[in-house]
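Geometric and topological summary
One-letter residues, chain by chain:
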There are 2 protein chains.
Amino acid sequence: MTLKSQVEQQIAAGGLEAAREAIRDYAIRTPLLPFVGDGGPVIRLKAECLQPYGSFKVRAASNVLAGYSAEALRHGVACASAGNFGQGLAFAAARRGIPLAVHAPDNAAQVKLDVMRSLGATVHVHPFEDWWRIMMTRQTGAGDGLFVHPVCEPGVILGNSTIGFEIAEDWPEADTVVVPVGGGGLISGIALAMRGLGHKARIVACEIETAAPLAAAFTAGYPVTIERQASFVDGIGSTRVLDEMWPLLSELVDEVITVSIAEAKRGVRLAAENSHLIVEGAAGVSLSAALGCRGERVVAVLSGGNIDRRELCRILGDEVRPRP
Amino acid sequence: MTLKSQVEQQIAAGGLEAAREAIRDYAIRTPLLPFVGDGGPVIRLKAECLQPYGSFKVRAASNVLAGYSAEALRHGVACASAGNFGQGLAFAAARRGIPLAVHAPDNAAQVKLDVMRSLGATVHVHPFEDWWRIMMTRQTGAGDGLFVHPVCEPGVILGNSTIGFEIAEDWPEADTVVVPVGGGGLISGIALAMRGLGHKARIVACEIETAAPLAAAFTAGYPVTIERQASFVDGIGSTRVLDEMWPLLSELVDEVITVSIAEAKRGVRLAAENSHLIVEGAAGVSLSAALGCRGERVVAVLSGGNIDRRELCRILGDEVRPRP
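Residues numbered from 1 in each chain as written. Chains lettered and ligands numbered in written order. Predicted model: local features only at pLDDT ≥ 70, side-chain atom pairs only at ≥ 80, totals over all residues.

Moving on, we get to the overall build of chain A. Summing up its helical and strand segments, chain A has 13 helices and ten strands in all. Taken over C-alpha atoms, the radius of gyration comes to 18 Å for chain A, in line with the 20 Å a tight globule of 324 residues would show. By principal-axis analysis of the C-alpha atoms, chain A measures approximately 60 × 45 × 40 Å. The contacts in chain A between residues at least 6 apart in sequence include a share of 74% that link residues at least 24 apart. (Helix = DSSP H or I, 4+ residues; strand = E, 2+ residues; numbered from the N terminus. Rg over C-alpha atoms; globule rule 2.2 N^0.38 Å. Contact = placed C-beta atoms within 7 Å.)

Shown next as structure tokens:
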């Protein structure tokens, strides 16, 4: 059965409502904050950077675990993650007393790995290519329990859908929702919830110009492998849309906006200066895309806040001019 | 009639409920965020740094203006403010089309004065002693309209009380509420609302050790003038509790905690790192005091987020060690 069919089947069986219940003790209902800008569309910020451990992933992680019995998890659970999903899963697993093994790429942020370890997870660091192979094959080679994929997993997508419900309830008049796309699980979940409620908002994906596989897939009509340059925007931007995700993304996404590195930095800076939120690069992309998009009442989903402090201060410092 | 009697009279006349209504279109209901710490009491953060213009003062300012008719405001409105109140009042006055004159001390942050001007306010900068005289006498010498005091004003205190309602509703089990004290209007408002609801939480004031007039007043039994050293904690810490405020503060405050500069910086750092919030020094004092206070379920009121970016980055940088 395809991922899309699995998701549709779970939704038909009440999976959206169940997800709201499942995450209640783990994730918070984040505020939808009015953004005080300088003209442009009316923007509200879905501030997922305020979640425990600083990212929306705690929703997905807690919902995935809720879908399995203690018996199914008796050998523990394993995942592949560059950071945020692993942190969310470590938090949820620790609360339920389930052993967790996280497989991370060697470019993962040390601070995120430290948090996972402090929550009791075992962390294995792999060369990037080996890690990507685990992502694709779901084989860790370590026999460390039930494998949970950070993106292509119905429970992950339904966990993310809880954001869509909250947006629809808090701002029914929103006409556009801008969401950063890494694997595509976040935007798919949000879109499925809003469509399920009959909400008509346009669902706009945003990517960083140095790694924009979704824009490339829409141009080609199918997933293609692209060139990717590394940047401070580390939460999104792979080399290719996952084949399993394409049927969902091609149906649910109305538009893709690509943002430059300078614009992404501007988004991070505006979130800090105008809204007093610390956001990571992907969320800066989202705010920047929202500022430039068509739409009058626009939600920018700020996916997370886990940015390196030195990077944050470099970005904030760029605009600091000495006083006369 | 004393300020305390005026406040009590307004409360008896439904002023608390009226304030909630009056601020609705100006201030947001801020979230009460679980703080993920490292042991200690269970802490939730009342994140007033997320208000438009980054401080709780927008509540007070919008409530004060709501208390006056267009006729009473026909010559405009004036206030004395070092920044946050002036910003909130500029925002509320601009929405109602009322001319505003702000009288600021010469140590006010330039960025705050710029925001007031961008909202249409006229800003007058005075030497600190002249400014303090305006604060004490309410005489601007400029004939610029109805004078609104940033602290000793029933509408200000009742505007702040809306925070107490929200805390009581969102976390009825809270046993301690920690509030930074500058003039004392914030803690008085919160305490009045919570007491009015019959809520039993201990009301704990916090001050910075370099300027702690409330602790000195409690020790002496009445307001006394103290030595004050300037620091990055610019939102609180005067040289003396205002005589008008003392009857309220002496009745409503259960305890005063004094925090060192290093602890205040730690509070700012933890808010940024663990909660992805940018907070000003006074809010760092609050979080730090909450971490060390007696109590099991503690609210730290994070009064605002208007910290100089360079100061923020210095504080964040203090703890950054080069990676091996």
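The structure having been displayed, the exposition proceeds.
Okay, the sheet that holds strand β1 (residues 32-34) of chain B next. Residue and element names in this part refer to chain B. The six strands are arranged β1-β2-β10-β7-β8-β9 in an open sheet whose pairing can be described as mixed. Each having just a single partner strand, β1 and β9 (255-259) make up the two edges of the open sheet. Neighbour-to-neighbour, the strand axes of the sheet open up by a mean angle of 30°, direction not taken into account. Direction of pairing for strand β2 (residues 42-47) relative to strand β10 (residues 297-302): parallel, over a ladder of six bridges. Across the sheet, the residue bridging to Arg44 is Val299, located in β10. Contacts between helix α9 (residues 213-220) and the sheet are confined to β8 (202-208) and β9, with β9 contributing the most and set at about 135° to the helix. (Pairing = 2+ DSSP bridges. Axes fitted to C-alpha atoms, helices over the stretch in contact; angles between N-to-C directions.)

With that settled, the discussion passes to the domain arrangement of chain A. All names here are of chain A. Annotation of chain A at the domain level lists domain 1 (3-56 + 154-318) and domain 2 (58-148). One C-alpha centre belongs to domain 1, the other to domain 2; they are set 22 Å apart. Residue-level contacts link 22 residues of domain 1 with 17 residues of domain 2. Going through the elements one at a time, α2 (15-23) and α7 (154-170) are the ones with two or more residues in the side of domain 1 that touches domain 2. Per element, the largest residue contribution to the side of domain 1 that touches domain 2 is seven residues, and it comes from α7. (Domains from an automatic or database assignment.)

Turning our attention to the relation of the copies chain B and chain A. Mapping chain B onto chain A is achieved by rotating through 180° and translating by 0.0 Å along the same axis, at an RMSD of 0.0 Å. Considering both components of the superposition, the chain copies are consistent with a two-fold axis. No C-alpha of chain B lies nearer the rotation axis than that of Leu277(B), which sits 2.5 Å from it. When you check the interface residues of chain B against chain A, 100% turn up at the interface there too, and the contact is symmetric in its surfaces. (Least-squares fit on C-alpha atoms with pLDDT ≥ 70 in both.)

Of all hydrophobic cores here, the largest spans 230 residues; its most connected members are Val177(A), Val178(A), Leu302(A), Val177(B), Val178(B) and Leu302(B). Dropping the residues within four chain positions of it, Val177(A) is found in contact with Ile167(A), Ile190(A), Ala201(A), Ile203(A), Val204(A), Val299(A) and Val301(A). (Core = buried A, V, L, I, M, F, W, Y, C linked by C-beta atoms within 7 Å. Buried ≥ 20, exposed ≤ 12 C-beta atoms within 10 Å, placed from the backbone.)

All names here are of chain B. In the contact formed by helix α2 (residues 15-23) and helix α3 (residues 57-66), the axes pass within 9 Å of each other and the chain directions differ by 105°. By the angle between their directions, the pair α2 and α3 is classed as roughly perpendicular. For the pair α2 and α3, the contacting residues are Ala19, Ala22 and Ile23 in the first and Arg59, Ser62, Asn63 and Ala66 in the second. The class makeup of the residues in the contact of α2 with α3 is four nonpolar, two polar and one charged. (Parallel < 35°, antiparallel > 145°, perpendicular 65-115°, else oblique. Nonpolar A, V, L, I, M, F, W, Y, C, P; charged D, E, K, R; others polar.)

Interface size, as often reported, equals the accessible area lost upon joining of the parts. Taken together, the contact pairs 24 residues of chain B with 24 residues of chain A. Every element with two or more residues in the side of chain B that touches chain A is listed here: β1, α11 (261-275) and α13 (309-318) of chain B. With five residues, the single largest contributor to the side of chain B that touches chain A is α13(B). When its residues are assigned to classes, the side of chain B that touches chain A shows 15 nonpolar, six polar and three charged.

Turning our eyes to something else, we now look at the packing of α3(B) against helix α4 (residues 84-96) of chain B. Residues and elements named next belong to chain B. One way to put it is that α3 packs onto α4 with a least axis distance of 8 Å and a crossing angle of 45°. If you check the angle between α3 and α4, you find them oblique. Handedness of the crossing formed by α3 with α4: right-handed. Here α3 contributes Lys57, Val58, Ala60, Ala61, Ser62 and Leu65 to the contact with α4, which in turn contributes Asn84, Phe85, Gln87, Gly88, Leu89, Phe91, Ala92, Ala93 and Arg96. (Left-handed = near helix turned anticlockwise from the far one by under 90°.)

The next subject is unusual backbone geometry. All names here are of chain A. Its identity as a non-glycine residue notwithstanding, His276 has a phi of 60°, on the positive side. Along the chain, the position of His276 falls in the loop between α11 (261-275) and α12 (281-292). C-beta crowding within 10 Å serves as the criterion here: with 29 such atoms nearby, His276 is assigned to the buried category.

Here we come to the sheet that holds strand β8 (residues 202-208) of chain A. Residues and elements named next belong to chain A. Strand order in this open sheet of six strands is β1-β2-β10-β7-β8-β9, and the pairing throughout is mixed. The sheet terminates laterally at β1 (32-34) and β9 (255-259), the two strands that pair on one side only. Across the sheet, the mean angle separating the axes of adjacent strands is 30° when strand polarity is ignored. Taken together, the five bridges between strand β7 (residues 176-180) and β8 define a ladder with parallel strand orientation. Bridging from a neighbouring strand, Pro180 pairs with Cys206 of β8. Strand contacts of α11: β1, β2 (42-47), β8, β9 and β10 (297-302), with the helix running at about 90° to β9, the strand carrying the most contacts.

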